[in-house]
Amino acid sequence: MKRCRILLILLAVCSVSVFPEDKLTGTVIGSELSVDYNNTSAPSRTVNTRDMAFDGDMNTCFASWDRSYTWVGLDLGEPYIITRVGWSPRNDGVGPQRVQLGVFEGASRADFMDAIPLYIITEQGVIGRMDYADINCTRGFRYVRYVGPSNARCNIAEIEFYGRRGTGDNSHLPQLTNLPTVSIHTVNNQEPYDKVNDIESYISIVSNGGRQLLQDTAYTRLRGNASMSFPKKPYRIKFEHKHNVLGAPANAKKWTLINNYGDKTLMRNQLAFELSRRLGMPYTPFCTYVDVVLNGEYKGCYQLCDQVQVQKQRVNITEMSPRDNSGVALTGGYLIEADAHANEEKSMFRSLKGTGVTIKSPDEDSITAEQKSYIKTHYDKMESDWRKYLDLNTFLRHFLVGEVSGNTDTYWSVFFYKHRGNDTVFTGPVWDFDLAFENDSRTYPINDKSDYVYRSGGSTTGYMRQLADNVVINNAEGKAMLLSIWAEAREKGLTEEYMLDYIDKQAQLLSESQRLNFIRWPIMNQTVHRNPRIWGSYEAEVKNVKNYIKRRIAWMDKKLGYTYVPPVAALDDIESADTGKPYQVYSLTGQYMGDNITSLATGVYILRQGSAACKVLIP
């Protein structure tokens, strides 16, 4: 009996030390106005107030007056390292779903500008039950809060925080998923509302499994054209200082957060950028997947990318100043965009052949009249005499990225750039692939078409279609160079097998984040933007892209007259072949040379017999 009594005492002590002693208290803070559901949903300061989230009663709740960006929390009076959070949903029919995607944050500032997300609730709650999550965070916070999901009016019955006193350090911070977490807080919780006005912000990025933190003051605004109209908004962020964000090559202030709203795989831009690298574009934008939180509210899975701008590790040309108005200095560098939306921009011109062109650099605040006149005149020269002024190498590589990806917007928006002291106009970088890889009802199914996408329903602006025709359809040199570039890429590993494996790896990387994204944006069974079909699941969306790639690479081989030959023995291992059996002969670039070696000139060729291939020397 005595042993049992001692055991009971020990259990009671453990219970007290793990929960009540660690449960934190403080001054209740949060959104001030609540809603009185019993009085025609009127605003209130006495009913469903924020204090009710800490009253220990699961039958009461805090319900905010505003529907989004509302919160409730504690001023702990001094920093605490948070080790555990708990929550329970409002006791009503929709309460359980209203906590899903709720976010817990910790901050050192009372305005939560420097807040770090601690945890996101991934499942619906259970009425009358507290759920808990352990927090692996070494940093101490004075202010902690729970931010309700979008359009939920917070609607929380109870929240709890546990922890220990201390300022801690940044050795380990939470990430919402396996992806880096980008947390943006704006002054007065103002939402970015257009692509002109910058909102003062503070941005925190947690990455590398929680071991790396970037924090800086910044400015945030919307970006894009059609993408800006979607419910899930795209953003442009500009840090106060330059950073190599998430290991990017560029040390820069400006970055983009691509929303990928209509791309239900969330990876089409990344796939196209991989094609760009494989096809040898001089510069391919940096891009990586992240989770984004704005003012404590989860916004979804995004791609953090380079801002396309003049910069050493981006578009590497001379950056001009307002003093560069004559001589060689006036000749560059220039970054421009043939753009169907050019009329919406302040710094633009229309070419003699009708192409709207936005001048990206020099920017609209610094460009001079002399510079604008020069680049317009030079662009007109390029369109009229492209053989002299257009760099075919970059134009054709850019073309191939667009056609392999099936991008219907390839010539709706095209970047060009020009170096100082060089009359050549170069094409690139590639950009904007949300409609690519079989995601546009206007061109679906792409592989059933006999001609290129840009000639088969693809969107083009101004003179761009005619320019592409001039280079790849009506010009023997262009067609020969196009085949050579394609053959080079195929021989260096641009294969069906490589791309399918790359897609699988992206899907695995996105697995956790995409699930949360499509809880936040439940569009999987809806047609959004120009989706040609509803596939019904993330896995089916990815399969659609894989099926497209399987056919597309073979389609391009056929269109270009190229035959892919699997890797064979090295040149120092040339074999003799049994020419008594049927065979086909190819050049080392994959060009079909016939089925008889006796008529070939001296050299090394690839001989194929069935599934076997070898290199042969014709003396």
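This report concerns the structure included in the present document. Keep in mind the model is a prediction, meaning the values are calculated, not measured.

Attention now goes to the overall build of the protein chain. When you go through the protein chain residue by residue, the secondary structure sums to ten helices and 25 strands. Taken along its principal axes, the extent of the C-alpha atoms in the protein chain is 100 × 70 × 45 Å. Looking at the protein chain as a whole, 56% of its 619 residues are labelled buried. Considering only contacts in the protein chain between residues 6 or more positions apart, those separated by 24 or more positions represent 69%. On the protein chain, roughly 26,300 Å² of surface is accessible, and the fraction owed to carbon and sulfur atoms is 47%. One finds the centroid of the 71 positive side-chain charges in the protein chain at a distance of 1 Å from the centroid of its 71 negative side-chain charges.

Here the distance between the centres and the angle between the planes together describe a pair of aromatic rings. Tallied over the full model, the rule gives 25 aromatic pairs. Between Y334 and Y374, the aromatic rings sit 5.7 Å apart at their centres with planes inclined by 20°, giving stacked as the arrangement. Residue Y334 is found in strand β17 (residues 334-339), and its partner Y374 is found in helix α4 (residues 369-384); the two are separated by 40 residues along the sequence. For Y334, a relative accessible area of 0% gives the class buried. Overall, Y374 belongs to the buried group, its relative accessible area being 18%. Joined through ring pairs, the aromatic side chains of F395, F399, Y411, Y452, Y454 and W555 make up one cluster. One residue, R278, lies across the ring of Y498, its end atom 4.0 Å from the ring centre. In this structure, R314 is placed above the aromatic ring of W255, and the distance from its NZ or CZ to the ring centre is 4.3 Å.

Further remarks concern the side chain of T443. In this fold, T443 is placed in the loop between β21 (425-427) and α7 (464-473). Residue class for T443 comes out buried when judged on its relative accessible area of 1%. In this structure, T443 is in contact with T408, K449, V453, S456, G457 and G458, ignoring residues within four places of it in sequence.

The next thing to look at is the packing of helix α3 (residues 268-278) against helix α6 (residues 392-405). Packing of α3 against α6 leaves a shortest axis separation of 9 Å and a crossing angle of 140°. Classified by the angle between their axes, α3 and α6 sit oblique to one another. As for how α3 packs across α6, the hand of that crossing is right-handed. Residues A272, L275 and S276 of α3 lie in contact with α6, whose contacting residues are V401, V404 and S405. The residue inventory of the contact of α3 with α6, partitioned by class, reads four nonpolar, two polar and no charged.

The next point concerns the sheet that holds strand β22 (residues 584-586). Hydrogen bonding along the main chain pairs the strands of a sheet, whether they run parallel or antiparallel. Strand order in this open sheet of four strands is β23-β22-β24-β25, and the pairing throughout is antiparallel. Strands at the two margins of the open sheet, each flanked by one partner only, are β23 (592-594) and β25 (612-618). Sheet twist, expressed as the mean angle between neighbouring strand axes with direction ignored, is 35°. Pairing of β22 with β23, which is carried by two bridges, proceeds in the antiparallel orientation. Bridging across to β23, V585 finds its partner in G594.

Extensive coverage of strand β14 (residues 252-258) is indicated by the burial of five of its seven residues. As defined by bridge partners, strand β13 (residues 235-243) adjoins β14 across five bridges and the pair is classed as antiparallel. Within β14, the position partnered with R236 by the bridge is T256. Relative to strand β16 (residues 297-306), β14 runs antiparallel, the two sharing four bridges. By the bridge assignment for β16, I258 is matched with Q303.

Moving on, we get to the sheet that holds β21. If you walk across this open sheet you meet the five strands as β18-β19-β17-β20-β21, and the pairing is antiparallel. Bordering the open sheet on either side are β18 (348-350) and β21, each of which pairs with just one other strand. With strand direction ignored, the average angle separating the axes of adjacent strands in the sheet is 30°. As paired elements, strand β20 (residues 413-418) and β21 share three bridges and run antiparallel to each other. In the sheet register, Y417 faces β21, and the bridge partner there is F426. α4 contacts β17, β18, β19 (356-361), β20 and β21 of the sheet and is inclined by roughly 60° relative to β17.

Cut-offs applied
- Residues numbered from 1 in each chain as written.
- Predicted model: local features only at pLDDT ≥ 70, side-chain atom pairs only at ≥ 80, totals over all residues.
- Heavy atoms only, no water.
- Helix = DSSP H or I, 4+ residues; strand = E, 2+ residues; numbered from the N terminus.
- Buried < 20%, exposed > 50% of the residue type's maximum accessible area, 1.4 Å probe, protein only.
- Contact = heavy atoms within 4.5 Å.
- Areas by Shrake-Rupley, 256 points an atom, 1.4 Å probe, with all protein chains shown as cover.
- Lys, Arg positive; Asp, Glu negative; His and termini not counted.
- Charge placed at Lys NZ, Arg CZ, Asp CG, Glu CD.
- Phe/Tyr/Trp six-rings, centres within 6.5 Å; stacked < 30°, edge-to-face > 60°.
- Lys NZ or Arg CZ within 6 Å of the ring centre and 35° of its normal.
- Axes fitted to C-alpha atoms, helices over the stretch in contact; angles between N-to-C directions.
- Parallel < 35°, antiparallel > 145°, perpendicular 65-115°, else oblique.
- Left-handed = near helix turned anticlockwise from the far one by under 90°.
- Nonpolar A, V, L, I, M, F, W, Y, C, P; charged D, E, K, R; others polar.
- Pairing = 2+ DSSP bridges.

By themselves these figures say nothing about function.
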